[in-house]
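Architecture and fold: a report
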Amino acid sequence: MSQQYANIVGFGKYEPENVLTNADLEKMVDTNDEWIVSRSGIRERRIATDGEQCSDYAAWAGKQALEMANVAPEDLDLIIMCTNSPDMLTPPVSSLVQDKLGATNVGAYTLTAGCPGWVYGLVQGTAMIESGMAKNVLVIGAELVSRFMDYTDRSTCVLFGDAAGAVLLQATDKKCGLLSYELGSDGSGGEHLILPGGGTQLPPRPENMGNRDDWYLYMNGREVFKFATRTMVSSLDNVVRDAELTFEDIDYFVPHQANLRIIEYAAGKAKLPPEKVVTNVQGFGNTSAASIPLAMCQAYEDGRIKPGQTLAFASFGAGLAWAAAVFELGEF
Ligand SMILES: CC(C)(COP(=O)(O)OP(=O)(O)OC[C@H]1O[C@@H](n2cnc3c(N)ncnc32)[C@H](O)[C@@H]1OP(=O)(O)O)[C@@H](O)C(=O)NCCC(=O)NCCS
């Protein structure tokens, strides 16, 4: 078999209809539009309505990616479902998504690696294809982080939103795909972005329910900010160098959408002009593992992202973990 490469041949996304603006948040917590915009760049975010689930968003985004590539769900070899906000602990949300897609006889697993999870999934899906073990791999990022937000905690709830994005990776013998990557983890900083309840340490038992803070996402914004700026700059630099490219060779930088200040800082260090940086944080907030595939799909739909381009990704988040990659798009 000739050398196989993993190309992106389908993009998909789901943007929830329900919009939560900064003005809405002003009525819920002690905050204001000026503070949120100046600190984060966020003006509004999308929030799931009652009854919607993570597996719904993932399946809708995944279906769109499959339709774009004209690939039937049963022709998939693998679904990598990247999320931090699954429908439930068991069954794995990946199996719920597989079922909702009608993808019979397809392997599926859930990948949880904080916000960088989707970049981890892209690297893993590529490895499956380049090794000859798979031909079609769906890599989805989908989040309903709003379900884990404390809407009385102004330091966190203003930053996050819900959405999904997906890509279909497909084998090709034409050279393209992943040129370089970096996956990183520093669990010693885990306490800075944490939701303690619901696992083996604090199982969901009535006697553990007393402290409400254990059941919401807590973030130490200043510590995460320091970690984010450091790792985004260094990992982006490393992957561009490992790909034997310069920043001038990058057509678009699609960063994790946590905070416009962090994105602008990283892009500035790399001397990437604003027109080469894809952002949606202003209208969607931080959609965790969905943020990069969502932003990429939006940039494809508005005509910016095209075949043959070279993209750079960089992400950071809970773990604390980070990931970056350079990806050359083939024909699609
Ligand atoms: C959260 C973040 C926007 C805060 O910005 P900041 O400039 O660091 O602000 P600070 O934390 O210094 O807080 C400044 C003040 O604003 C207050 N504040 C916090 N949230 C507020 C809000 N929503 N509205 C108004 N005031 C708020 C704080 O209480 C603090 O008040 P104090 O000085 O009286 O204690 C910023 O730290 C950040 O983006 N961190 C990284 C978050 C991130 O990327 N998370 C996702 C990881 S995947």
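Rules used throughout
- Residues numbered from 1 in each chain as written.
- Predicted model: local features only at pLDDT ≥ 70, side-chain atom pairs only at ≥ 80, totals over all residues.
- Heavy atoms only, no water.
- Helix = DSSP H or I, 4+ residues; strand = E, 2+ residues; numbered from the N terminus.
- Expected span 1.5 Å × (residues − 1).
- Buried < 20%, exposed > 50% of the residue type's maximum accessible area, 1.4 Å probe, protein only.
- Pairing = 2+ DSSP bridges.
- Axes fitted to C-alpha atoms, helices over the stretch in contact; angles between N-to-C directions.
- Contact = heavy atoms within 4.5 Å.
- Near = heavy atom within 4 Å.
- Polar contact = N/O pair within 3.5 Å; in protein donor to acceptor, adjacent residues only side chain to side chain.
- Areas by Shrake-Rupley, 256 points an atom, 1.4 Å probe, with all protein chains shown as cover.
- Nonpolar A, V, L, I, M, F, W, Y, C, P; charged D, E, K, R; others polar.
- Domains from an automatic or database assignment.
- Buried area = accessible area lost by both parts, 1.4 Å probe.
- Salt bridge = Lys/Arg side-chain N within 4 Å of Asp/Glu carboxyl O.

Some points on helix 5 (residues 117-130)
Its 14 residues place the ends of helix 5 20 Å apart at the C-alpha level, agreeing with the 20 Å of an ideal helix rising 1.5 Å per residue. Across the 14 residues that make up helix 5, a large majority, 10, are buried. Buried within helix 5 are the following residues: Gly117, Trp118, Val119, Tyr120, Gly121, Leu122, Val123, Gly125, Thr126 and Ile129. One or two positions beyond helix 5, positive phi appears at Gly132, with a value near 85 degrees.

Side note on the sheet that holds strand 4 (residues 78-82)
Overall, mixed pairing links the five strands, which are arranged 1-7-6-4-5 in an open sheet. Both edges of this open sheet fall to strand 1 (5-14) and strand 5 (107-111), since each of them pairs with a single strand only. In this sheet, neighbouring strand axes are inclined to one another by 20 degrees on average, regardless of whether the strands run parallel or antiparallel. Sheet topology places strand 1 next to strand 7 (residues 163-172); nine bridges connect them, and they run antiparallel. By the bridge assignment for strand 7, Gly12 is matched with Ala166. Of the strands in this sheet, strand 1, strand 6 (136-143) and strand 7 are in contact with helix 10 (residues 291-301), which crosses strand 1 at around 90 degrees.

Examining the site of the ligand
The full set close to the ligand counts 23 residues, and Thr31, Arg39, Gly221, Arg222 and Asn259 are the nearest of them. In this structure, Arg222 approaches the ligand through a side-chain N or O atom, which is 2.8 Å from an oxygen atom. At 2.6 Å from an oxygen atom of the ligand is found a side-chain nitrogen or oxygen belonging to Asn259. Protein coverage of the free-state accessible area of the ligand, which is 970 Å², stands at 76%. Elements with a minimum of two residues in the shell around the ligand: helix 2 (33-40), helix 6 (154-157), helix 7 (221-242), helix 8 (260-269) and strand 12 (310-317). Among the elements that line the shell around the ligand, the one with the most residues is helix 7, at four residues. Taken together, the residues that form the shell around the ligand break down as 11 nonpolar, seven polar and five charged.

A few points about the domain arrangement of the chain
As assigned here, the chain comprises domain 1 (5-174) and domain 2 (179-328). In this structure, domain 1 and domain 2 have C-alpha centres spaced 13 Å apart. Taken residue by residue, the interface counts 54 residues in domain 1 and 46 residues in domain 2. A buried area of about 3,800 Å², summed over both sides, lies between domain 1 and domain 2, and 68% of it is on carbon and sulfur atoms. It is Phe11, Cys115 and Tyr120 that lose the most area in domain 1 upon contact with domain 2, and together they represent 16% of the buried surface on that side. The interface formed by domain 1 and domain 2 contains two salt bridges. Between Glu301 and Lys13 there is a salt bridge; the shortest N-O distance is 3.0 Å. For the side of domain 1 that touches domain 2, the elements supplying multiple residues, two or more each, are strand 1, helix 2, strand 3 (44-46), helix 3 (54-69), helix 5, strand 6, helix 6 and strand 7. Take the side of domain 1 that touches domain 2: its biggest share by element is seven residues, from strand 1.

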